Amino acid sequence: MTSLWTSTTTTAAARISSTFTTRSVSLSRHTTTTTTRQFRSSTSAFMPRAATTIKPTPSSADNAPHSPPPAFDLPPEPIASDASTQRLASRKPSTRETDTVRQQKPFKYANPKHGVEDNDASPAHRRDKNKIYIKLSSVRKLAGWEKIQLLHDIVSNYQLDEAVAIYKMIDENGLLPRMKYADFHALYRILLMDPIKYRSQIIKVISDMKTVGFIPTKNCLETLISCCTKWRDMDFAFRIHDEMLSLRMTVGVDTYNDLLTICSQQRGLAGIQRGAKVWQDLLASEGEPTTTSFIRAMDIFGHLRKIDEAKKVYAAALAQLDKFRESVGLDDLAGLKMTKKRKADMKLIAQRQLVLGNAYMAALVTCGLFDEAEAVYRGYGQEGGPMAGEGLPSARAASDTLNVLLGMCAEHGDVEAAKRYFEELTRRNVPPTGVSYGRMIDVHGRVGDVEGAKRWFELSVERLGAQPATTKMLRLRNSLMIVYAKHGHLPEAMELLRTMIREWEERSRKEAEEAEAREEAEAEKRERARQKAIANRQTYLGPAEEDIPVLQQLTEKPKPTVRLLRSGLQAVIDAHIAAGDLKAALWVTDLLEMQGAPTSFKGGEEKQAGGVADGNLADEDMPATTSESPLLTRGDVLQKFRAMHPGKEGGVVGASA
């Protein structure tokens, strides 16, 4: 049966049973254009939506990978011998099809920090409307220029998995030198929609772009550095930074902020010291530091124990805030009429003041200057302070204030002060987070109050509504498990550990069953559509069954069956070593090595509360990728056990075997 179709997008060359001419509507911002192309093949490479002009022409045996496209000015001619084909060929694109194309707006540059931005709607809202279904086995038979044009069309339609598959074919066939810079850039741009899933593809596209002789633009390299903040890859980020300097590109403030963020995520001293150098480079540049710059710099200098530098950064941040206050006319409030805009400006100033103060307090707490940190907090409630009067400038920033204060109390084991701060701020409608409750558990654990820690754990589960096998419950249990382990309650700690493993395995099993059920439902849906098409003597437009697993394997990221925090596991290992139970210590060590448990990222020591870092809102769920934070190995456990229990050498050998 001859394939008959009309596409509402610009489609690449497709080979079907005979050479034919197709009229397709191109995706344009302002106009809708029609093009005519000649194609040839024995199998359909892709199947757009409907039918249009078909003209049989003599087939060509030209299989050159880079054969030029044929002329595009041939008028469509119907097939005289087939009346039904004539009617379909004479059909013009409907008004609905044309309007659909006209209404589509161009895609804005994807920001890996905030996801995809679009003028009206996300590309996901229109992804299925004009989806191009392809057969990968047939795509391999296309000529080189046809593969590149098909990649262009797939990218324009935001079909990421298909685009990755076709790009891989183009690379295997050695066709990358035939691609234009715009082709590389368009593919790179849509891959930024999910920088975690498509990490390897993003890096490969940039590498291939440079291999064929193209120089990535400043915007490309800056966005790649921004992706490194998600990947926790400091070395790669600085390689890109050095490349920008070698190309004499000006490094913007946002890029410096990304580098500061990556450095503040490191646990090793070398990475944090590198952040101090980035801060000096930012000051020497033409750009002006932003609030994010000041927050990251205070965090870095706090962990370097350079409190004088942190104080200079805080003073510069307040000076910039005063300058902004003068620019908006709020330096003197006497006699001013409070308009809507002035109220918004005052709220913005209070928010910045609170966030900067939290970062400065965190640096003071890290350096052990608890009295100065408390003085900063008391200044919040004074006249002109960010928390003076009723209401809160930002509930999220106020929660960070509570977390910093509770972390300070945990450092010197002041349970009464922790309770006082908790009650004081919750009365002001400050919402406590999982980090807040985790630190209350930690405070009681520091003074040996195991029962108090358990009460706060139960209270947090009740108030936060933490469900089993969730990140929130994981962090709370991790905090309690550390308390149990450090105070010799090993049976309770191991019971918590086994509960977490059991719950995450059960969740993984349910997710696998749900995924299998969805796949079966999709397969049944495709089969019904195929049978309906056969009954109506139409061409089935669904994806090929053999291509579905291929597309999934290209980019699918395996999910861990169990998620545990490294800090809790290492506390349990230390407790077993102290108790002389090497077998249990090695069992937990194998569990740690097997899944590469994620942990917090703050320099020097892990935050036992298991939450957002003090002074910033960095995501903590991502595992660290720097080589400065290796996992604890069996050799480390054996060495530590021998040092602590030299008289049990024989037992060590037997256990290690």
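In this numbering scheme, every chain counts its residues from 1 along its sequence in written order. It should be noted that, the model being predicted, local features are given only for residues of pLDDT at least 70 and side-chain atom pairs only at 80 or more, the latter also being counted only at that level, while totals for whole chains, interfaces and linings use all residues. Hydrogen atoms and water are omitted, and side-chain values are computed over all heavy atoms in the structure.

Caption draft 1: Local environment of unusual backbone geometry. Positive phi, normally seen in glycine, also occurs at N429, with a value near 65°. Positioned with a positive phi, A469 is a non-glycine residue whose angle comes to about 60°.

Caption draft 2: Expanded view of the packing of helix α23 (residues 566-579) against helix α25 (residues 634-644). As a rule, the C-alpha atoms of each element are fitted with a line to give its axis, helices using only the stretch in contact, and angles between N-to-C directions run from 0 to 180 degrees. Working definition: helices are DSSP H or I runs of at least four residues, strands are E runs of at least two. Numbering for both runs from the N terminus. Running from N to C, α23 and α25 cross one another at 35°; their axes reach a closest spacing of 9 Å. In this structure, α23 meets α25 at a crossing whose hand is right-handed. Here I573, D574, I577 and A578 of α23 lie close against α25, whose contacting residues are V637, K640, F641 and M644. Its residues placed into classes, the contact of α23 with α25 shows six nonpolar, no polar and two charged. The crossing is said to be left-handed when, going from far helix to near helix, the turn is anticlockwise and less than a right angle, and right-handed when the turn is clockwise. Two residues form a contact once any of their heavy atoms are found within 4.5 Å. When residue character is reported, Ala, Val, Leu, Ile, Met, Phe, Trp, Tyr, Cys and Pro are called nonpolar, Asp, Glu, Lys and Arg charged, and the others, Gly included, polar.

Caption draft 3: Highlighting helix α6 (residues 181-191). The classification of residues rests on relative accessible area computed with a 1.4 Å probe and restricted to protein chains. Under 20% of the type maximum is buried, over 50% is exposed, and intermediate values are partly exposed. All buried positions along α6 are accounted for by D183, F184, L187, Y188, I190 and L191. Buried residues along α6 sit against α4 (144-156), α5 (160-172), α7 (199-211) and α8 (218-231).

Caption draft 4: Focus on a negative patch on the surface. Where like charges cluster on the molecular surface, the negative patch consists of E516, E519, E520 and E524. With respect to the element layout, E519 can be found in helix α21 (residues 490-535). Residue class for E519 comes out partly exposed when judged on its relative accessible area of 45%. Nonpolar side chains (Val, Leu, Ile, Met, Phe, Trp, Tyr) are joined into patches within 5 Å and like charges within 9 Å, using only residues with over 30% relative accessible area and no salt bridge. Computed with a 1.4 Å probe, the accessible areas rest on the Shrake-Rupley method; for each residue, only the protein chains presented here act as cover. Any Lys or Arg side-chain nitrogen found within 4 Å of a carboxyl oxygen on Asp or Glu counts as a salt bridge. Within this scheme the basic residues Lys and Arg register as positive and the acidic residues Asp and Glu register as negative, but His and the chain ends are omitted. Charged side chains are reduced to one point each, which is NZ for Lys, CZ for Arg, CG for Asp and CD for Glu.

Caption draft 5: Looking closely at the packing of aromatic side chains. The aromatic pairing rule takes the rings of Phe, Tyr and Trp, using the six-membered ring of Trp, and pairs them if the centres are within 6.5 Å, calling planes under 30 degrees apart stacked, those over 60 edge-to-face and the rest tilted. The final tally for this structure, using the stated rule, is eleven aromatic pairs. Between Y314 and Y360 the ring centres are 4.2 Å apart and the planes differ by 10°, which places this aromatic pair in the stacked class. With Y314 in helix α13 (residues 307-327) and Y360 in helix α14 (residues 340-366), the pair connects residues that are 46 residues apart, well separated along the chain. On the accessibility criterion, Y360 (9% relative accessible area) is buried. One aromatic cluster is present, built from ring pairs that chain together Y167, Y181, F184 and F214. Sitting over the ring of F238, R274 keeps its end group 4.0 Å from the ring centre. Between the NZ or CZ atom of R352 and the centre of the ring of F324, over which it lies, the distance is 5.0 Å. We call a charge positioned above a ring when the Lys NZ or Arg CZ atom is no farther than 6 Å from the ring centre and deviates by at most 35 degrees from the ring normal.

Caption draft 6: Region of the structure containing the pattern of salt bridges. Counted under the stated rule, the structure contains 21 salt bridges. Here R325 ties to D322 by a salt bridge, and the two come within 2.6 Å at their closest N and O atoms. One end of the pair, R325, and the other, D322, are both in helix α13, three residues apart, so they sit about a helical turn from each other. By relative accessible area, which is 38% here, D322 ends up partly exposed. A salt bridge links D345 to K341; its shortest N-O distance comes to 3.0 Å. Residue D345 and its partner K341 are located together in helix α14, separated by four residues, close to a single helical turn. Take D345: its relative accessible area is 10%, and that puts it in the buried class.

Caption draft 7: Spotlight on the confidence of the model for the protein. Values of pLDDT, which run from 0 to 100, indicate the predictor's confidence residue by residue. Considering every residue of the protein, the mean pLDDT works out to 75; 68% of them sit at 70 or more. When pLDDT is averaged over each helix and strand of the protein, the minimum, 32, is found for strand β1 (residues 20-25) and the maximum, 96, for helix α12 (residues 291-303). In the model, residues 597-629 has pLDDT below 50 throughout and makes 111 contacts with residues more than four positions away in sequence or in other chains. Here residues 650-657 is modelled with pLDDT under 50, and outside its nearest four sequence neighbours on either side it reaches ten contacts, counting other chains as well.

Caption draft 8: Highlighting the packing of α14 against helix α16 (residues 395-412). One way to put it is that α14 packs onto α16 with a least axis distance of 9 Å and a crossing angle of 10°. Comparing their axes, α16 and α14 come out roughly parallel. Only A397, A398, D400, T401, V404, L405, M408 and E411 of α16 make contact with α14, whose side of the interface consists of L354, V355, N358, M361, A362 and V365. A breakdown of the residues in the contact of α14 with α16 according to their chemical character gives ten nonpolar, two polar and two charged. Any angle that falls under 35 degrees is termed roughly parallel, while one over 145 is termed roughly antiparallel, one within 65 to 115 roughly perpendicular, and all others oblique.

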